[in-house]
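# Coordinate inspection notes
Spelled out from the first residue to the last, the chains are:
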Amino acid sequence: MLSLPKMISRILLAGMLATAVARAEIKVGDRSPDLHAVGLEGTVPATTGQVVWVDFWASWCAPCKASFPVYAKLNEELRSRGLSLIAVNVDEKAADYTAFLKREKPSFATPRDAAQKVVAAFKPPSMPTTYLVDRKGVVRYIHSGFHGADTDKELRAELAILLEEKP
């Protein structure tokens, strides 16, 4: 028999999961959820007036690991033009997240979504998934997975368009 606190926790979790399942995933043309309002662990940089790149990743994801050097290079090249890269971690265990960051040492923001609120809002179809959000807060492009040079080329072209647009 479950204790009352465990039973309450499971009921709350079931309710959150049901709510998340009932909501549709974020699509091109939708407004991006406010990443500052969802209680991410870690630093979330300013996004007002920025082109925001939201990437979902996990420590167990091999394509995520392969993507980090490419993303770091793009971030370094484009942040002075108004790019804000936020790589949201979805690991359940903080230790997995911390170990990955210690190994990879990313040069961009990597907050952790311990409560899975951002994941529930976006519903990324795979790891990694990237959402490019324009300066008005509208999702303009979505990339599922990481495919090396092909993804790099696509991201560069799309980011160039978004960064040229006026706020």
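Quick caveat, the model's predicted, so the values are computed rather than measured. (Residues numbered from 1 in each chain as written. Predicted model: local features only at pLDDT ≥ 70, side-chain atom pairs only at ≥ 80, totals over all residues. Heavy atoms only, no water.)

### Concerning the nonpolar core
If you look at the biggest cluster of nonpolar residues, it comprises 43 residues, and the most contacted ones within it are L35, W53, V54, F56, W57, F122 and L159. Elements supplying a minimum of two residues to this core: β1 (51-57), α2 (62-78), β2 (83-89), α3 (94-104), α4 (117-122), β3 (129-133), β4 (139-144) and α5 (149-164). Other than its neighbours up to four places away in sequence, V54 contacts L35, I86, V88, F122, T129, T130 and Y131. (Core = buried A, V, L, I, M, F, W, Y, C linked by side-chain atoms within 4.5 Å. Buried < 20%, exposed > 50% of the residue type's maximum accessible area, 1.4 Å probe, protein only. Helix = DSSP H or I, 4+ residues; strand = E, 2+ residues; numbered from the N terminus. Contact = heavy atoms within 4.5 Å.)

### Some thoughts on the packing of α2 against α5
Direction vectors running N to C along α2 and α5 enclose 25 degrees, while the axes themselves pass 11 Å from each other. Comparing their axes, α5 and α2 come out roughly parallel. The handedness of the crossing between α2 and α5 comes out as right-handed. Together, V70, Y71, K73, L74, E77 and L78 of α2 and D152, L155, R156, L159 and L163 of α5 make up the contact between the two elements. The class makeup of the residues in the contact of α2 with α5 is seven nonpolar, no polar and four charged. (Axes fitted to C-alpha atoms, helices over the stretch in contact; angles between N-to-C directions. Parallel < 35°, antiparallel > 145°, perpendicular 65-115°, else oblique. Left-handed = near helix turned anticlockwise from the far one by under 90°. Nonpolar A, V, L, I, M, F, W, Y, C, P; charged D, E, K, R; others polar.)

### Structural notes on the state of the cysteines
Enumeration over the complete set of coordinates arrives at one disulfide. In this model, C61 is linked to C64 through a disulfide, with the two sulfur atoms separated by 2.4 Å. Of note, the bridge from C61 to C64 carries an S-S torsion of about 85 degrees and is right-handed in sense. Assigned by exposure class, C61 and C64 land together as buried. (Disulfide = S-S within 2.5 Å.)

### Quick notes on the sheet that holds β3
Strands sit in the order β2-β1-β3-β4 across an open sheet of four strands; the sheet is mixed. Each of the sheet's edge strands pairs with one partner strand only, and the pair in question is β2 and β4. Going across the sheet, the axis of each strand differs from the next one's by a mean of 15 degrees, ignoring polarity. Two elements, β3 and β4, share five bridges in a ladder whose sense is antiparallel. The residue bridging V133 from the neighbouring strand is V139, located in β4. Along the sheet, α2 contacts β1, β2 and β3; its crossing angle with β2, the most-contacted strand, is approximately 160 degrees. (Pairing = 2+ DSSP bridges.)

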